[in-house]
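Observations on chain architecture
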Amino acid sequence: MQNQPSASEPIVPRRYRLPFILLVTCFALWGIVNAMAEVLVKAFSSVFPELTEMGTIMSVSSHYGAYAVLAIPASILIKKYSYKAGVLLGLGVFFFGVLGYVPAAIFHSYGICLGSIFVYASGCSILETTCNPFVLSMGSQETAVRRLNFAQQFNPVGSLIGLLVATYVIFDNMVQVRPGEVLSDEQLSQNLIWLVTPYVVLAAVVLLLWFAFVFTKTPNASAPGEEDDSRPARSFSASLRSLLARPRYRWGVLTQFFYVGLQTMAWVYVLHYGDKVMGYDDKTAMYFYIAAMCCFIVMRFVCTALMKKFNPASMMALMAVLGLALCMGAVYLPGIAGLLCVVAISGCLSLMFPTIYGIALRNLGQDSKLGAAGLVMAILGGAAIPPVFAYCLEHESLSALAFGLYSGPEAALRSSYYVLAVCLVIVLSYALRFRNAHNSKD
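From a predicted model like this one, the values you see are computed outputs, not experimental measurements.

So, the pattern of salt bridges
Scanning all chains against the criterion turns up 1 salt bridge. The closest approach of N and O atoms between Arg414 and Glu410, which form a salt bridge, is 3.0 Å. Here the residue Arg414 and the residue Glu410 both occupy positions in helix α20 (residues 408-415), the gap between them amounting to 4 residues, near one helical turn.

Written out as structure tokens, the structure reads:
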């Protein structure tokens, strides 16, 4: 717990506060669409009844797949120009992406919907590549991880807003499809209008935010550790070699990959646990999903405050151990106790993404921008890890780990939480290995 920043040192210096406020709005922005992307899979089947399960899941694949496309080009852009240029480009791409739902409604085209999702998620990729290191640069390195945790607090707030919009604006106004029922063209059009409307409103908000950035003076901040770096700018290949030679960065990208998969499973499968274990309907299970998100938000505020006194990596290790215990509770505890463990897992995840990010990028200097792109590309874990969980669930591969306490689909779902446990072990290993990152030069 040594070498921690002074508790009196501001997380964000006064001169950076206005652009910082605008930046945290961006964090909330991609939180909204990330949450909606995960819960609106079911909504697409109410708008395009001809879709198969594989067809509807393509909406999630389009969303997470986009993160691998523009992260590196965004890092090259901000390295050549500025963080502000990256934010403006990201917001612009995001704007045209969400606005793409309008022609999708006019032509009643799922293909255009997928294209729209891919474009706005590409905007999210640019924003995440830009905003995270931008936040790290707005002050001293000693407060950088705490500052990023503070900014990231607004991401789950956005996710909560997205869940509420999906639940009470979209689902509550859609005509629900019952088994064997065929909706009329008028009903399908009504469903599509309710699906599109929130995104049109979001486009207006993004446009206002874009103009706010244009007319706000932003600091010409340097990448973390780059302030005193007088060396000539590195080429892309030289930066990549430098990054891959650093164990703290290399393992950070891998850990982030598994963490994002862990987070996606922890949230999406709250609904499945409520269904298969507790027998709840979708709307009742959604309340526990929202409770998990609230737990995540509260714990992020608490953890950020505690970082004034405690080492962030040590705190992450403690949360990973607690998360492992809760995973075992999800597997073995009966009834509501198991479900509460599932909800509480989200609280343990609250500080992990920004803490891994901050540790991996520390002292990278002029390689920080490309390094940020690699960490954003690791979000692909949200598309790659959940199918492993789903496979174990569908084929009951790990059911024997329930030791006969439960059977059938319930045993399969409970025992699949061992996949989450494996991801938490990877996070724990990273936290323990690099808990003294503030002294590390690797």
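From this point, things continue past the structure.
As for a nonpolar patch on the surface
Taken together, the side chains of Leu99, Val102, Ile106, Phe107 and Val200 make up a nonpolar region of the molecular surface, amounting to roughly 440 Å² of accessible area. The element that contributes the greatest number of residues to the nonpolar patch is helix α6 (residues 101-107), accounting for 3 residues. For Val102, a relative accessible area of 31% puts it in the partly exposed group.

Overview of the environment of Leu428
Residue position: Leu428 is located in helix α21 (residues 417-433). According to the relative accessible area criterion, Leu428 is buried, its value standing at 17%. Taking the C-alpha atoms as reference points, Leu428 and Met319, separated by 109 residues in sequence, lie 8.5 Å from one another. Once residues within four sequence positions are removed from consideration, Leu428 is found in contact with Ala317, Ala320, Val321 and Leu324.

Looking at helix α7 (residues 110-137)
Relative to the 40 Å expected for 28 residues at 1.5 Å per residue, α7 spans 41 Å between its end C-alpha atoms, a close match to the ideal helical length. Counting buried positions along α7 gives 23 out of 28 residues, so the element sits mostly inside the fold. The N-cap residue of α7 is Ser109: its side-chain oxygen and the backbone nitrogen of Gly111 are 3.4 Å apart. One or two positions beyond α7, positive phi appears at Gly139, with a value near 145°.

Things to note about the packing of aromatic side chains
Two aromatic rings, taken as a pair, are described by how far apart their centres are and by the angle between their planes. Applying the stated criterion across every chain yields a total of 17 aromatic pairs. Where Phe150 meets Phe154, the ring centres are 5.9 Å apart and the plane angle is 80°; that geometry is what we call edge-to-face. Residue Phe150 is classed as partly exposed on the basis of its relative accessible area of 29%. Among the residues examined, Phe154 registers a relative accessible area of 26% and is labelled partly exposed. Their ring planes at 55° and their centres at 6.4 Å tell us that Tyr259 and Phe353 sit as a pair that is tilted. Of the two residues, Tyr259 sits in helix α12 (residues 247-276) while Phe353 sits in helix α16 (residues 352-361), which places them 94 residues apart along the sequence. With respect to burial, Tyr259 and Phe353 carry one shared label: buried. Geometry around Tyr16 places Arg15 over its ring, the cationic atom sitting 4.5 Å from the centre. Cation over ring: Arg414 sits above Tyr406, and NZ or CZ is 3.9 Å from the ring centre.

A short note on unusual backbone geometry
Non-glycine residue His108 carries a positive phi angle of around 50°. Examined against the element boundaries, His108 turns out to sit in the loop between α6 and α7. Backbone geometry places Phe403, a non-glycine residue, at a positive phi of 55°. Within the secondary structure, Phe403 is located in the loop between α19 (386-394) and α20.

Structural notes on the packing of α7 against helix α17 (residues 368-377)
α17 packs onto α7 with a crossing angle of 130° between their chain directions and a minimal axis gap of 9 Å. For the element pair α7 / α17, the angle class is oblique. Where α7 crosses over α17, the handedness of that crossing is right-handed. Here Ser125, Glu128, Thr129 and Pro133 of α7 lie close against α17, whose contacting residues are Lys369, Ala372, Ala373 and Val376. Here the residues of the contact of α7 with α17 sort into 4 nonpolar, 2 polar and 2 charged.

Considering the packing of α7 against helix α8 (residues 144-152)
Close contact between α7 and α8 brings their axes to 8 Å; oriented N to C, the two are set at 130°. Comparing their axes, α8 and α7 come out oblique. With respect to the hand of their crossing, α7 and α8 are arranged in right-handed fashion. Mapping the contact onto sequence places Asn132, Val135 and Leu136 in α7 and Ala144, Val145, Arg147, Leu148, Ala151 and Gln152 in α8.

Procedures and definitions
Residues numbered from 1 in each chain as written. Predicted model: local features only at pLDDT ≥ 70, side-chain atom pairs only at ≥ 80, totals over all residues. Heavy atoms only, no water. Salt bridge = Lys/Arg side-chain N within 4 Å of Asp/Glu carboxyl O. Helix = DSSP H or I, 4+ residues; strand = E, 2+ residues; numbered from the N terminus. Patch = residues over 30% accessible without salt bridge, like charges linked within 9 Å, V, L, I, M, F, W, Y side chains within 5 Å. Areas by Shrake-Rupley, 256 points an atom, 1.4 Å probe, with all protein chains shown as cover. Buried < 20%, exposed > 50% of the residue type's maximum accessible area, 1.4 Å probe, protein only. Contact = heavy atoms within 4.5 Å. Expected span 1.5 Å × (residues − 1). Polar contact = N/O pair within 3.5 Å; in protein donor to acceptor, adjacent residues only side chain to side chain. Phe/Tyr/Trp six-rings, centres within 6.5 Å; stacked < 30°, edge-to-face > 60°. Lys NZ or Arg CZ within 6 Å of the ring centre and 35° of its normal. Axes fitted to C-alpha atoms, helices over the stretch in contact; angles between N-to-C directions. Parallel < 35°, antiparallel > 145°, perpendicular 65-115°, else oblique. Left-handed = near helix turned anticlockwise from the far one by under 90°. Nonpolar A, V, L, I, M, F, W, Y, C, P; charged D, E, K, R; others polar.

That is the geometry; function is a separate question.
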